[in-house]
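Residue-level structural notes
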Amino acid sequence: MNTASTDRKKEILEVAAELLQTRSFSSFSYADLSERLGISKASIHHHFATKQELTRALVERYRESRRRFLAELDHRALAKVSDFFEMGNVHFLVMEFIDGKTLARVVELAPRNLSQRRVCQWAEELCQVLAYLHSRKPPVIVRDLKPENIMIDSKRRLRLIDFGISKRLKPGEGTHDIVKGMGTAEYAPLEQYGNSSTDQRSDIYALGATLYFLLTEIAPPPAWKRASEGTEPIPPSQVNPS
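Conventions used here
- Residues numbered from 1 in each chain as written.
- Predicted model: local features only at pLDDT ≥ 70, side-chain atom pairs only at ≥ 80, totals over all residues.
- Heavy atoms only, no water.
- 1 Å grid on protein atoms, 1.4 Å probe; cavity = no way out; pocket = protein on both sides within 12 Å on 5 of 7 lines; lining within 4 Å.
- Points joined across faces, edges and corners; volume = space filled by probe spheres on them.
- Nonpolar A, V, L, I, M, F, W, Y, C, P; charged D, E, K, R; others polar.
- Core = buried A, V, L, I, M, F, W, Y, C linked by side-chain atoms within 4.5 Å.
- Buried < 20%, exposed > 50% of the residue type's maximum accessible area, 1.4 Å probe, protein only.
- Helix = DSSP H or I, 4+ residues; strand = E, 2+ residues; numbered from the N terminus.
- Salt bridge = Lys/Arg side-chain N within 4 Å of Asp/Glu carboxyl O.
- Pairing = 2+ DSSP bridges.
- Axes fitted to C-alpha atoms, helices over the stretch in contact; angles between N-to-C directions.
- Contact = heavy atoms within 4.5 Å.

Quick look at empty space enclosed by the protein
For the structure on display, the rule yields 2 cavities of 30 Å³ or more. The space that makes up the largest cavity amounts to roughly 50 Å³. Lining the largest cavity are 12 residues, with R143, D144, Y187, A188 and A206 sitting closest to its centre. Partitioned by chemical class, the residues of the lining of the largest cavity number 5 nonpolar, 4 polar and 3 charged.

This is the structure in structure tokens:
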């Protein structure tokens, strides 16, 4: 394949990926690509004979960018990821084994409510790793921060696991259609379920919800329920006077 043809295929994939940021795959067509690129549909078909072929190329492009994205992250509180792949329409992450317990399990096994001092110590560690992720260029948004995705290892250090729906935040970019509504309801901000964009503040909301659970052993009411029904969380001091 000559250089011009390779460059054209790359351009088609880049534009297709951009279009899929604003619409569902079912509503995406070669006519959209043709209009956006200023070339004929026949030219697109020359490089990708079918929509299925284009889909496979987009998936491989996504997998490769995902591998690079995860490999670039280097922080003591992040579980190392060595691979990302798909099998039977299910996505898998291959990451280092961490000997420890999730914070959800720690809370479950604790004979009494955790102390404010311990939770504040963990809060500081979580803020440090979020500061690292949010200061990347472009910023990295976790989007599923919760007690089940935070472990305390054998050296009593916090480690974040499961970057399954994290994303790089580009200026003006909203949440991709395929991940709208993903995350865990009690820890996901309202914008993760609507038409607004998720950004660094989305992780801060999830951090607050996580700290609430650590102090109270109660998952906070989902953001959508608070907005639609006026449901408010029980003040932590009523549950954990420590």
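Having seen the model, we can carry on.
Describing the nonpolar core
With 34 residues, the main nonpolar core has W122, L133, L145, L160 and L214 as its most contacted residues. Elements supplying a minimum of two residues to this core: α4 (51-72), β1 (81-87), α5 (103-109), α6 (116-134), β5 (150-153), β6 (158-160) and α7 (200-216). The biggest single contributor to this core is α6, with 8 residues. The next biggest cluster of nonpolar side chains, apart from the first, holds 17 residues, and it includes F28, Y30, L33 and F48.

Some points on the pattern of salt bridges
Scanning the model with the defined rule gives 9 salt bridges in all. As a salt-bridge pair, R105 and E108 come within 2.9 Å of each other at their nearest N and O atoms. Taken as a pair, R105 and E108 lie in helix α5 at a separation of 3 residues, close to a single helical turn. Classification of R105 as partly exposed rests on a relative accessible area of 37%. Of the residues examined, E108 reaches a relative accessible area of 57% and is grouped as exposed. Several salt bridges converge on common partners, so that one network encompasses E96, D153, R157 and R159.

With respect to the sheet that holds β6
If you trace the 3 strands from one edge of the open sheet to the other, you get β3-β5-β6, paired in antiparallel fashion. Only two strands of the sheet have a single partner each, and these edge strands are β3 (100-102) and β6. Averaged over all neighbouring strand pairs, the angle between strand axes comes to 30°, with direction disregarded. In this sheet, β5 lies alongside β3 in antiparallel orientation, the contact comprising 3 bridges. Bridging across to β5, K101 finds its partner in I152. Across the sheet, α6 touches β5 and β6, and the angle it forms with β6 is around 40°.

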